[in-house]
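# Report on the structure
Single-letter residue listing:
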Amino acid sequence: MEQIQSTSSSSDRKSSAAWVKWLVATLIALLNGYAIIMMYAGGEIAFALLDLVVVSVGLYVFMSKRTYAHRYIFPGVAGMVVFIIFPLAYTISIAFTNYSGANLLSLENARAYHLKKTYKVQGGEYDFTLLERDDKRFQLMLVQDDLRFISAPVQLWTNNELKAGGRQVATSNQISMVPMDAEPVAKPASIRGIVDRKVYLSSLSLMLPDGSQLTMTGLRKFAAQKPMFKPVAGFTLKSGEFMDKPDMLLNNQTGQIMMPNPETGYYQYINDQGDFVGEGLAPGFVVNVGWKNFMRILTDPGIQGPFIQIFVWTVIFAACSVAFTLAIGMVLACLAQWESLAGRGFYRVMLILPYAVPAFISILVFKGLFNQNFGEINMFLSMLGFDKPEWTGSPFLAKTMILIVNTWLGYPYMMILCLGLLKAIPEDLYEASAMDGAGPVQNFFKITVPLLMKPLTPLLIASFAFNFNNFVLIQLLTNGEPDIIGATTPAGTTDLLVSYTYRIAFQGSGGQDYGLAGAIATAIFLIVGALALLNMKLSKAEKD
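Keep in mind the model is a prediction, meaning the values are calculated, not measured.

### Here's the deal with the packing of aromatic side chains
All told, the structure shown has 24 aromatic pairs when counted by the stated rule. Consider the rings of Phe47 and Phe86, whose centres lie 5.3 Å apart with planes at 70°: the pair is edge-to-face. With Phe47 in helix α2 (residues 45-63) and Phe86 in helix α3 (residues 74-94), the pair connects residues that are 39 residues apart, well separated along the chain. Assessed through its relative accessible area of 32%, Phe47 is described here as partly exposed. With a relative accessible area of 16%, Phe86 lands in the buried category. Three or more aromatic residues joined by ring pairs make a cluster, and in this case those are Tyr99, Phe471, Tyr502, Phe506 and Tyr514.

Below, the structure is given as structure tokens:
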């Protein structure tokens, strides 16, 4: 009997657990389904697809008994897809577009933006005053010289009330204006009151007695306006041929026709022969440009020159950083391992301390030390009779400063590695070398260095790849300065490829060029990927 009751209780617990599991899965599916719909509606199709795939696979893995073993590796795989594969694929896809600060919108959004443009027409501009009544309703008063008009009392919703109530503002709420015969009784509302109701006020169309329509042009202004553009079905060319293209717009002010140019990503006017003329109208829209961004790197002198210069400096910086940190770290490790040295433990702790301090703190400290006017380094050089170097003004001195700081930050890591590897070298080798009359220097170059270099090689390649993308050091220490003269993109003599890409993407004066930045980022990925493959081959060879 007790066994039957125990079995029944166990079955009830399993049933409850199954219900809880399905309830959680259903909630996850509903929440992510809503998020996917919102992302798709917002035009973020790639992110919606990523969410759909990851969540769907995850639910299948955790709810199906067939995929029980995969539950343990799915979080890692999902993390790799979301944080590595997807950003990489997304960046590469951007490299084949004209996506930039001037070309952010889709074609539909760019068209809608142009259709919202207006221009002033005959009817003039009126000063606007919002009158607040005691019954919480409002009247709108317009003044132009001796002309004064006022509206009947109306209800005006605030921006928060519209948002909280989910109310939709009509595209044109018409209100009739009548001439004023006497001074208004209501008091003028404050600017804050107008700002709080700006969304609703912007939707109003005020009708004057002569039939003119006025719309809001500022917090204190209403003016007669018309739409700048309107959709048009087609256009008759000079040859008599009728051009019928989608998304064509007519300029109501000039009578010109414009249409989207798929090559430039802008709306442009067309002539009577059907050819694009003039410059594109901002904002532009995103279009595929193929290999154009990659060709710009190879052919545009304003990009090619700085890119090659920065690429060479990036390789030199990474190689010198590895060489300097390795040399200093290996020598200090040998000294800290020397048995005749008193207080070896204390020296080890002190030499490792730079590795314990956060890098950004050390970089900012060094930035102050190298300050031309107030830095301690220049003050010390001045006391010795030397001129104060302009560390951040000269390309050579700026690069020297960067290598000094990076060597300080990186040598403790190499020293720790060498300290561990030195213990693996048999003492018999040094004893046999001493019997042959070799000294410490000969032992270092003939025994220590060759035996340490072999296991260190994969780690040195990894260090090279890390320094190849050492964005924090450049950004905090020099921000890429001094700038390269003649570059058409933001480029500095101390920029690495990664900081150069960042400046193109987010600091371009002519509009952030995400497409070009994506192309350079793709090139960086290929270089670092090649280094990773080389590292794997060397590690495999070392293991064999």
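### What to know about unusual backbone geometry
Omega for the peptide link from Ala282 to Pro283 comes to 0°, which places this bond in the cis form. Along the chain, Pro283 falls in the loop between β15 (276-281) and α8 (292-299). Here the bond from Glu481 into Pro482 is cis, since omega is 0°, no more than 30 degrees from zero. The residue Pro482 is located in the loop between α16 (471-477) and α17 (497-506) in this model. Of note in the backbone geometry, Lys136 takes a positive phi value of approximately 70° without being a glycine. Following the sequence through the fold, Lys136 ends up in the loop between β1 (118-132) and β2 (138-144). Even without glycine at this site, Asp247 takes up a positive phi of about 65°.

### Some words on the layout of surface pockets
In this structure, the largest pocket spans a volume of roughly 760 Å³. The wall of the largest pocket is formed by 18 residues, among which Cys334, Gln337, Trp338, Glu339 and Tyr430 lie closest to the centre. Of all the secondary-structure elements, those providing two or more residues to the lining of the largest pocket are α9 (301-337), α14 (427-435) and α15 (440-468). Its residues placed into classes, the lining of the largest pocket shows 11 nonpolar, four polar and three charged.

### So, the environment of Pro306
You can see Pro306 is positioned in helix α9. Judged by its relative accessible area of 5%, Pro306 falls in the buried class. Linking Pro306 and Ala318, residues 12 residues apart in sequence, is a C-alpha distance of 18 Å. The contacts of Pro306, once residues within four sequence positions are left out, are Pro301, Ile484, Ala487, Ala491 and Tyr500.

Scoring rules and cut-offs
Residues numbered from 1 in each chain as written. Predicted model: local features only at pLDDT ≥ 70, side-chain atom pairs only at ≥ 80, totals over all residues. Heavy atoms only, no water. Phe/Tyr/Trp six-rings, centres within 6.5 Å; stacked < 30°, edge-to-face > 60°. Helix = DSSP H or I, 4+ residues; strand = E, 2+ residues; numbered from the N terminus. Buried < 20%, exposed > 50% of the residue type's maximum accessible area, 1.4 Å probe, protein only. 1 Å grid on protein atoms, 1.4 Å probe; cavity = no way out; pocket = protein on both sides within 12 Å on 5 of 7 lines; lining within 4 Å. Points joined across faces, edges and corners; volume = space filled by probe spheres on them. Nonpolar A, V, L, I, M, F, W, Y, C, P; charged D, E, K, R; others polar. Contact = heavy atoms within 4.5 Å.

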